[in-house]
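Below are the chains, spelled out letter by letter.
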Amino acid sequence: MDPSEVYDLVIVGGGPGGLSAAIYAMRAAMKTVLIEKAAPGGQVNLSDQVENYPGFTHVGGAELAMRFAEHARAYGLEEINDDVVALEPGLNHHTVILANGQRIHSHAIILATGGTPRTLKVPGEEDLYGKGVSYCAVCDGFFFRGKKVIVVGGGDSACEEGLYLAKLAEQVFVVHRRDTLRASRILQQRVEADCKMEVVWNSVIAEIQADASGVNGVILQDTQSGQQRHMPIDGVFIFIGFTPNNHLVPAGIRMNTDGFVITDEQCATSIAGIYAIGDLREKYARQIVLSAADGCMAALSAAHYVETRKAAIGIDTCELPANLVVR
Ligand code: NAP
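Residues numbered from 1 in each chain as written. Predicted model: local features only at pLDDT ≥ 70, side-chain atom pairs only at ≥ 80, totals over all residues. Heavy atoms only, no water.

Some thoughts on helix 2 (residues 61-73)
- In this model helix 2 runs 18 Å from its N-terminal to its C-terminal C-alpha over 13 residues, within 8% of the 18 Å that 1.5 Å per residue would give.
- For helix 2, the set of buried residues is Gly61, Leu64, Ala65, Phe68, Ala69 and Ala72. Seen end-on, helix 2 carries its buried residues on one side only, within an arc spanning 135°.
- Those residues of helix 2 hidden inside the fold are in contact with helix 1 (16-27), strand 3 (49-50), strand 4 (59-60) and helix 6 (288-312). (Helix = DSSP H or I, 4+ residues; strand = E, 2+ residues; numbered from the N terminus. Expected span 1.5 Å × (residues − 1). Buried < 20%, exposed > 50% of the residue type's maximum accessible area, 1.4 Å probe, protein only. Arc of directions from axis to C-beta. Contact = heavy atoms within 4.5 Å.)

Next comes the structure, spelled out in structure tokens:
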């Protein structure tokens, strides 16, 4: 194969991790392409407000996502808007296969595919998705103006999204399976202080019920006594964590029992030249700033790996990528 047909780096996923990786890769003059099937920004687009990204006391999730994308594009980043269906590791180079059948070859790949909301797997949940069951307050909250809703979960997402919903809904019940919230202290305090919010402790949803117009109630089960009761409600928002989007992770790459990719400090996986970053990677906390940091680390590490590899096989490393905007 002509070496010019091989990218230095393919980034799969255009969330904060992927876009940060793109910024660092372009600045390192790597021949880079970023592949994203949807709008850039990933899950950040679903956040109403982001309050903990350094430099911004308040910024809309969609605005922050747009800023990340604009920053990466300022260097002339090449982008492909398509779904990646497979990744084939190789000895000479790795290959990414798109839904349209195109095969893209690259010395290094950064997987930044994030995660997908976890589901409760209770009767009614799947059938009533979009009819009162939701996994995104920013997307669907508007439909519940003046209504009563449940938020399921006790983490940062449940509290943050519940607080957002409380601005629209008549009342928000946070249904949590334990007697203490997992969320950060500041969010817990805000939930406690919000007169429209009430935490229903030690409870899980056993069933979501509906009439012809959508969700109209749930069966709540007490996790201590096992007792069940009916609760009328107009909507159920589920925020119980998420599962990593690891369907592209090739065999041979180590993952933990929850399906998160195990990497070293440089985000390198157990296959040379393939990196995993952000919410796909096993790590202590999942934050936008950490995904961005992973993107930086993986891109810098990939740049070193690709340069060493190209030198070893006799490819000229001095030529700059044609699309690079030198600023
Ligand atoms: P999370 O921290 O994993 O919390 C999930 C919550 O759902 C937990 O309270 C858990 O209960 C509950 N849960 C899990 N499975 C359940 C089930 N089957 N039935 C009922 N409840 C269930 O998930 P997250 O809130 O989506 O947050 C994910 C990561 O993103 C975290 O690292 C979080 O800090 C971060 N995040 C940060 C921010 C921010 O800083 N502003 C915002 C959003 C998310 P238990 O507590 O009993 O396990």
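Next, the rest of the story.
Quick look at the domain arrangement of the chain
- Taken domain by domain, the chain holds domain 1 (3-116 + 242-313) and domain 2 (119-238).
- Centre-to-centre separation of domain 1 and domain 2, based on C-alpha positions: 33 Å.
- Across the contact, five residues belong to domain 1 and eight residues belong to domain 2.
- Buried surface at the junction of domain 1 and domain 2, summed over both partners, amounts to about 480 Å²; 43% is from carbon and sulfur atoms.
- Of all residues in domain 1, Leu46, Asp48 and Glu51 bury the most surface against domain 2, accounting for 76% of the area lost on that side. (Domains from an automatic or database assignment. Buried area = accessible area lost by both parts, 1.4 Å probe.)

Considerations on the site of the ligand
- Around the ligand, a shell composed of 18 residues is seen, among which Asn52, Asp156, Glu160, Arg178 and Arg182 lie nearest.
- Between the ligand and Ser157, the relevant distance is 2.7 Å, taken from an oxygen atom to a side-chain nitrogen or oxygen of the residue.
- Between Arg286 and the ligand, the recorded distance is 3.2 Å, taken from a backbone N or O atom to an oxygen atom.
- For the ligand, whose free accessible area comes to 910 Å², the fraction covered by protein is 77%. (Near = heavy atom within 4 Å. Polar contact = N/O pair within 3.5 Å; in protein donor to acceptor, adjacent residues only side chain to side chain. Areas by Shrake-Rupley, 256 points an atom, 1.4 Å probe, with all protein chains shown as cover.)

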